[in-house]
Amino acid sequence: MTEPLFSEDEEFDRPRLAAHGPVRVRVPAKINLHLHVGPVRSDGFHELTTVYHAIGLYDEITARRGDTLTLTMEGEGTGELSLGEDNLVMRAVRALAAETGHDAHARLHLKKQIPIAAGLAGGSADAAAALVACDQLWGTGLSRDDLAVIAATLGSDIPFLVLGGTALGTGRGELVSPILTGGHTWHWVLAVAEEGLSTPVVYRAFDELGGHTSAGPPDGLMAALRQRNPEVLANELANDLQAAALHLRPELQQVLDAGLDAGALAGMISGSGPTCVFLAEDARHAALIAADLEESRCCRAVRTAVGPVPGARVL
């Protein structure tokens, strides 16, 4: 369907038969290292230029054979998320079935650690995992890039989470090109808020505040990634949605301040928020920042994570 964006994993290099046993797929969260929000397009979406970065905070989906399509879950968001046909996981499976001519039959179980409505693309991650899991379960034989094409019809972040790593996103975010960073590992601390924020509400606030942008082209950030110096990268992080998220949740400024007071090299709101993400020098530094944030009790939970990591992968 497309020229490959990434070198294929071994699991995608060989012909595949339908799996007889359960298929378990792990998928990461994402943060936006750079997010420039452009004008509203004719389809109602904003034109975006973003640098995606997959981090080691994971959800898992297990897919088993079934006579119908069902979804159950445990963990973050249990009892809050709809498990019906409007769930992105269900929509992803049906889209894959329609593309491949397969019956949309599977029993899916979601084990969720990525907070919902947190600016970390947890719902998109789960849809990406469902695509990879059912591709393996049914033996449809699609490439990683074929799955990303289907993903683009479902949501802006889903193609990136099929692919993972660090990548440039354009269009409404669904057009993804890899950024080669030389294998360097970056260390992050995440401060998870008590309540989520709706992405459409944040974009609406962005427009109502005048649509002011501070993030220019991402050239400086991409150069900083190649230099592998956290202090250089810290100066290039940018998010045009941060002012809108702070307008809706002024208390998030206290979280950002607490992270910087704890010694973070930089802090910003992740995507549409409300999760605040902080850059650390190394693993030890990240642990110290996390401990200080936990002691400050300014947020619901604190997590450390590294990036970049691969996208949705069969375990």
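Quick caveat: nothing in here was measured; it's all calculated off a predicted structure.

Tracing the backbone shows L88 in helix 2 (residues 88–100). For the pair L88 and D126, spaced 38 residues apart in sequence, the C-alpha separation works out to 7.5 Å. Those residues within four positions of L88 in sequence are excluded, and the remaining contacts are G123, S124, A127, L154 and I158.

Pairing of strand 3 (residues 69–75) with strand 4 (residues 106–112) involves seven bridges; the strand directions are parallel. Following the sheet pairing, T72 is matched in strand 4 by H109. One crossover worth recording links strand 3 to the parallel strand 4 by way of helix 2, and it is left-handed.

Attention shifts here to the UniProt feature "domain: GHMP kinase N-terminal" (unreviewed entry) in the chain. As recorded in UniProt, the sites labelled "domain: GHMP kinase N-terminal" (unreviewed entry) are residues 87–165. Helix makes up 57% of residues 87–165 and strand 9%, and the two end C-alpha atoms of the span are 25 Å apart.

It is worth spelling out the UniProt feature "binding site: ATP" (unreviewed entry) in the chain at this point. UniProt's entry tags P115, I116, A117, A118, G119, L120, A121, G122, G123, S124 and A125 with the feature "binding site: ATP" (unreviewed entry), counted in the numbering of this structure. By the element assignment, A117 lies in the loop between strand 4 and helix 3 (122–138). When sequence neighbours within four positions are dropped, the list of residues in contact with A117 reads G196, L197, G273 and P274. The residue A125 is located in helix 3 in this model. For A125, the residues in contact, after removing those within four places along its chain, are V27, P28, I114 and L161.

Looking now at the nonpolar core. Of all hydrophobic cores here, the largest spans 73 residues; its most connected members are L108, L131, W188, L233 and L237. It is helix 3 that provides the largest number of residues to this core, a total of 11 residues. Look past the residues within four positions of L237 in its chain and what remains in contact with it is L33, W188, L221, A266, M268 and L279. Judged by nonpolar contacts, the second largest core, of 30 residues, contains V189, L241, A245 and A262.

With that settled, consider the packing of aromatic side chains. All chains considered together, the criterion is met by one aromatic pair. Centroid distance Y52 to F160: 4.7 Å. Interplanar angle 15°. Geometry classified as stacked. With a gap of 108 residues between them, Y52 in strand 2 (residues 46–64) and F160 in helix 5 (residues 158–163) connect regions that are remote in the sequence. The exposure classification of Y52 matches that of F160, with both residues buried. Above the face of the Y58 ring, R26 is positioned so that its terminal group lies 4.0 Å from the ring centre.

Glancing now at the packing of helix 3 against helix 4 (residues 144–152). The interhelical angle for the contact between helix 3 and helix 4, taken along N-to-C directions, is 130°, at an axis separation of 10 Å. Between helix 3 and helix 4, the crossing angle belongs to the class labelled oblique. In this structure, helix 3 crosses over helix 4, and the sense of that crossing is right-handed. Taking contact as the criterion, the partners of L131, V132 and D135 in helix 3 are, on helix 4, R144, L147, I150 and A151. Residue classes in the contact of helix 3 with helix 4 are distributed as five nonpolar, no polar and two charged.

Moving on to unusual backbone geometry. Between G273 and P274 the backbone carries a cis peptide bond, its omega angle lying at 10°. Inspection of the secondary structure puts P274 in the loop between strand 9 (266–269) and strand 10 (276–280). Across the junction of G307 and P308, the peptide omega takes the value 0°, indicating a cis bond. The topology assignment puts P308 in the loop between strand 11 (301–307) and strand 12 (313–314). In this structure, R297 takes a positive phi of about 55° despite not being glycine.

On to helix 10 (residues 252–261), then. Within helix 10, burial applies to L252, V255, L256, A258 and G259. Looking down the long axis of helix 10, one finds its buried residues gathered within 160° of arc, a one-sided arrangement. Along helix 10, exposed side chains directed more than 90 degrees from the buried face belong to Q254 and D261. The inward-facing, buried residues of helix 10 abut strand 7 (186–192), helix 9 (242–248), strand 9, strand 10 and helix 11 (283–296).

Definitions and limits used
Residues numbered from 1 in each chain as written. Predicted model: local features only at pLDDT ≥ 70, side-chain atom pairs only at ≥ 80, totals over all residues. Heavy atoms only, no water. Helix = DSSP H or I, 4+ residues; strand = E, 2+ residues; numbered from the N terminus. Contact = heavy atoms within 4.5 Å. Pairing = 2+ DSSP bridges. Right-handed = clockwise from strand over helix to strand, strands pointing away. UniProt positions renumbered as here; feature names shortened; annotations may be inferred. Core = buried A, V, L, I, M, F, W, Y, C linked by side-chain atoms within 4.5 Å. Buried < 20%, exposed > 50% of the residue type's maximum accessible area, 1.4 Å probe, protein only. Phe/Tyr/Trp six-rings, centres within 6.5 Å; stacked < 30°, edge-to-face > 60°. Lys NZ or Arg CZ within 6 Å of the ring centre and 35° of its normal. Axes fitted to C-alpha atoms, helices over the stretch in contact; angles between N-to-C directions. Parallel < 35°, antiparallel > 145°, perpendicular 65-115°, else oblique. Left-handed = near helix turned anticlockwise from the far one by under 90°. Nonpolar A, V, L, I, M, F, W, Y, C, P; charged D, E, K, R; others polar. Arc of directions from axis to C-beta.

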